[in-house]
Amino acid sequence: MFRSTQRLRLAQRVTTAALRWTAQPVVRPTAAMATSGWRMFSTSGQQSIWIPFDRDQLPEDDPRRGEVFEDETDVVIVGGGPAGMAAAIRLKQLANEAEKDIRVMVVEKAGEVGAHTLSGAVLEPRALNELIPDWKEKGAPLNTPVTKDSMKLLTSSMAIPLPHPPQMNNKGNYIVSLSHFVKWLGEQAEELGVEVYSGFAASEVLYNDDGSVRGVALNDLGLDKNFEPKDTYERGMHVKAKVTLFAEGCHGSLTKTLMKKFDLRKDSDPQQYGIGIKEVWEVAPEKHQPGSVTHTVGWPVDNTTYGGSFIYHFEPERHLVALGLVIGLDYQNPYLSPYKEFQRFKHHPFVKDLLEGGQCISYGARALNEGGYQSIPKLVFPGGALIGCTAGFLNVPKIKGTHTAMKSGMLAAEAAFEKVADEEQDLKGVVLDKYEQSIQDSWVYKELYEVRNCKPSFSTALGNVGGILYSGLDTMILKGRTPWTFRHKHADYETLKPAAECKPIDYPKPDGVISFDLLTNVSRTGTNHSEDQPVHLRLRDKSVPVERNLAIYDGPEGRFCPAGVYEFVDDEANPGQKRLQINSQNCIHCKTCDIKDPSQNIDWTVPEGGNGPAYSWT
């Protein structure tokens, strides 16, 4: 149980964060705060990616060297998404059945559970059925069963029906707001005795002397933009755990450091990513088709750019439609803007007719894993494990990953319970070997193995046409039973061509009715970051954006970001030159910058807990 001082400490942090929160307007590029005042640093060696200085080198009376409050738990789970909550629920189920007093904590950076969760989303309830068989009786927000599936090839003016791939069959699935679903999972976890702490950002992995993971540190509160302590400063707590499960979602900031420290990608291909951009609309009642699911390929992207769209009709009482565009982040043209491609997509006659007379009520974007089987890293290391999308279990042809993420969390929970329930075992640096084997023996592994060649088949000289033809053959006839496995040969940041080799793309201006300027949509995310805090988007070398990215790629940062965070502006200190300005208040935590930056010069780190988007219907 919490020691009373630690309960008070967490309560004070919650109260302090709530008082500090004040709504900030979306930053217009010309009015944004310059970043020249904050410190740039390298993330090499043992340096924390969150604090760019060595605390031990500070004066002894500096509050940043103050006493660290440490709490102990059996299992701490970093991230309260589908995988994290499924792991927490399964752990407490097993503990309660065995009448074991096992403490489980979930720390979630969003201000409330579900506020940073975004997906399409069509939910396959396979893992949910295993985890909570009576979910209907418990009021799970699965309100719209899929009633109709269709697949279309878009040209600039036509929508041509295509045969529906069996992998995309949604019979028995549900169209959901994943944000609402995760919030419900959090409620189920708390009822079982899980301690869920939203508004707490884990900023650093803690290690034992032998190099094994011992827990996580929560980030400091009350630092100004130069990392100097304000009057409200409070050092982040440490959470020590026998087992630490990392469920940060796609491209987690702590997971990135674990990959490097333990060389978890040694035997896997580079992870492949996409950027998913989504809006939710209230459409005219006569146009709403509850349960209708449509996917498209083709226009607006060209044959060399991997991508596709989704249109889901759900919540019949509100006549909601979730629509979005996913573009592979291995695209080559630095002038491509995923956001503007999505806005252009909505003007296709097939889509525009649906949206006319309706109203956009929500917007969001998030990177997603697309590497599949070949890109699954080693999942375990001394003291912890990776679960869910932070490991990369998305089934790309299905366009689903929630069910696989949840199952991975459940399997990790079972392996962790077996260890922590053994009171005689020394758990320092424990390795959850059973988890990795359980994944390989599960339906998750079977699913991903069967479709392993689909995504890489789009990376040949035949482009999307070749990928569609091969994937159709593979999913309908071969069923993945081939003796070969195609490889992912490049990381996404390696694929951009120099601007001199590419043609600029002339995107139409938004009309404010069907399509919108970027900052109008960012305002629909509810994103908020306290202004006077360290910028959480860190440059390793402040000269690289201008000297390399702008010079060679014509500044792709402002185009691949779906939130208006990055822009090149005149450098007042050096007339005639440019500098990269970072409007961190706009960030919606999609992680695209950390993935696609061709110089790998941007480190996405956590801001103060509770900051970021406030998603609801996403």
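Position labels on residues start from 1 in each chain and follow its written sequence. Local features in a predicted model are, by the rule used here, given only for residues with pLDDT of at least 70; side-chain atom pairs are given and counted only at 80 or more, and totals for whole chains, interfaces and linings are based on all residues. To get the side-chain values, take all heavy atoms of the structure and skip hydrogens and water.

The name given to the protein chain in an unreviewed UniProt entry is Electron transfer flavoprotein-ubiquinone oxidoreductase, with the source organism recorded as Hesseltinella vesiculosa. According to the UniProt record, the Catalytic activity (unreviewed entry) comment for the protein chain reads "a ubiquinone + reduced [electron-transfer flavoprotein] = a ubiquinol + oxidized [electron-transfer flavoprotein] + H(+)". Its UniProt record, at the heading Function (unreviewed entry), says of the protein chain: "Accepts electrons from ETF and reduces ubiquinone." UniProt positions are given in the numbering used here, feature names are shortened, and annotations may be inferred rather than shown by experiment.

Please explain the pairing of strand E10 (residues 213-218) as it appears in this structure.
One face of the sheet, then the other: side chains in a regular strand alternate in exactly this way. Counting buried positions along E10 yields six of six residues, so the element is predominantly enclosed. In this structure, strand E9 (residues 202-207) lies alongside E10, joined through five bridges in antiparallel fashion. Following the sheet pairing, Leu-206 is matched in E10 by Gly-215. In this structure, the hairpin formed by E9 and E10 is closed by a connection of five residues, where Gly-211 is found at a positive phi of approximately 90°. In this description, strands pair whenever DSSP reports at least two bridges between them. A helix here means a DSSP run of H or I that spans at least four residues, while a strand means a run of E at least two residues long, and both kinds are numbered starting from the N terminus. Pairing of E10 with strand E13 (residues 238-246) involves three bridges; the strand directions are antiparallel. Residue Ala-217 lies in a different strand from E13, and its bridge partner there is His-238. Between buried and exposed lies partly exposed: a residue is buried under 20% and exposed over 50% of the maximum accessible area for its type, with that area taken using a 1.4 Å probe on protein chains only.

Just to check I follow, could you spell out a nonpolar patch on the surface for this structure?
A residue counts toward a patch only above 30% relative accessible area and without a salt bridge, and it is joined to like-charged neighbours within 9 Å or, for Val, Leu, Ile, Met, Phe, Trp and Tyr, to nonpolar neighbours within 5 Å. Throughout, the Shrake-Rupley method with a 1.4 Å probe supplies accessible areas, and for residues the shown protein chains are the sole cover considered. Whenever a carboxyl oxygen of Asp or Glu lies within 4 Å of a side-chain nitrogen of Lys or Arg, that contact is scored as a salt bridge. Residues Leu-473, Met-476 and Ile-477 make up a contiguous nonpolar surface patch of about 270 Å² in total accessible area. Positionally, Ile-477 belongs in helix H11 (residues 463-478). On the basis of relative accessible area, Ile-477 is assigned to the exposed category, the value being 54%.

Help me understand the nonpolar core, please; the structure alone is not making it clear to me.
One recurring pattern in soluble globular proteins: nonpolar side chains tend to sit buried together. Put simply, buried Ala, Val, Leu, Ile, Met, Phe, Trp, Tyr and Cys residues joined by side-chain atoms within 4.5 Å make one nonpolar core. Counting residues in hydrophobic clusters, the biggest one holds 84 residues, and the most contacted among them are Ile-77, Leu-245, Phe-246 and Tyr-435. Counting residues per element, this core draws most heavily on helix H8 (residues 402-420), at ten residues. Residues within four places of Tyr-435 in sequence aside, it is in contact with Leu-379, Val-380, Ala-385, Leu-386, Ile-387, Phe-393, Ser-408, Leu-411, Ala-412 and Ala-415. In this structure, Leu-154, Tyr-331, Cys-590 and Ile-602 belong to the second largest nonpolar core, which totals 56 residues. Residue contacts are counted whenever heavy atoms from the two residues lie within 4.5 Å of one another.

What should I look at first to understand the layout of surface pockets in this one?
It is the rolling of a water-molecule-sized probe over the atoms that shows where space remains empty. Here a cavity means grid points, on a 1 Å grid over the protein atoms only, where a 1.4 Å probe fits yet cannot get out; a pocket means an open set of points with protein on both sides within 12 Å along at least five of seven lines; lining residues are those with an atom within 4 Å of a point. Grid points are joined across faces, edges and corners, and a volume is the space filled by probe spheres set on the points. Here the second largest pocket defines a volume of roughly 890 Å³. Along its surface, the second largest pocket is lined by 40 residues, and Met-151, Met-168, Val-297, Phe-458 and Ile-468 are the ones closest to its centre. When residues of the lining of the second largest pocket are traced back to their parent elements, those giving at least two are strand E5 (148-154), strand E15 (292-298), strand E16 (307-314) and H11. Among the elements that take part in the lining of the second largest pocket, H11 stands out by supplying nine residues, more than any other. Under the scheme applied here, ten amino acids are nonpolar (Ala, Val, Leu, Ile, Met, Phe, Trp, Tyr, Cys and Pro), four are charged (Asp, Glu, Lys and Arg), and all others, including Gly, are polar. Here the residues of the lining of the second largest pocket sort into 25 nonpolar, twelve polar and three charged.

Just checking my understanding: could you explain the side chain of Asp-492 for this structure?
Structurally, Asp-492 is set in the loop between H11 and helix H12 (518-523). For Asp-492, the contacting residues outside a window of four places in its chain are Gln-271, Gln-272, Tyr-273, Leu-329, Asp-330, Ile-595 and Lys-596.

Help me understand the pattern of salt bridges in this model?
Where side chains of opposite charge bring their charged atoms close, a pairing between them can arise. Considering all chains together, one arrives at 26 salt bridges under this definition. The closest approach of N and O atoms between Asp-74 and Lys-242, which form a salt bridge, is 2.8 Å. One end of the pair, Asp-74, is in strand E1 (residues 70-78); the other, Lys-242, is in strand E13, with 168 residues separating them in the sequence.

Would you explain the sheet that holds strand E3 (residues 122-123) in this entry?
Strand pairing in a sheet relies on backbone hydrogen bonds. The paired strands run either parallel or antiparallel. Read from one edge of the open sheet, three strands run E3-E7-E4, paired in antiparallel fashion. Taken across any chain shown, the strands that pair with only one partner, and hence form the sheet edges, are E3 and strand E4 (144-145). The sheet contact formed by E4 and strand E7 (residues 174-175) spans two bridges and is antiparallel. Paired with Thr-144 across the two strands is Ile-175, which belongs to E7.

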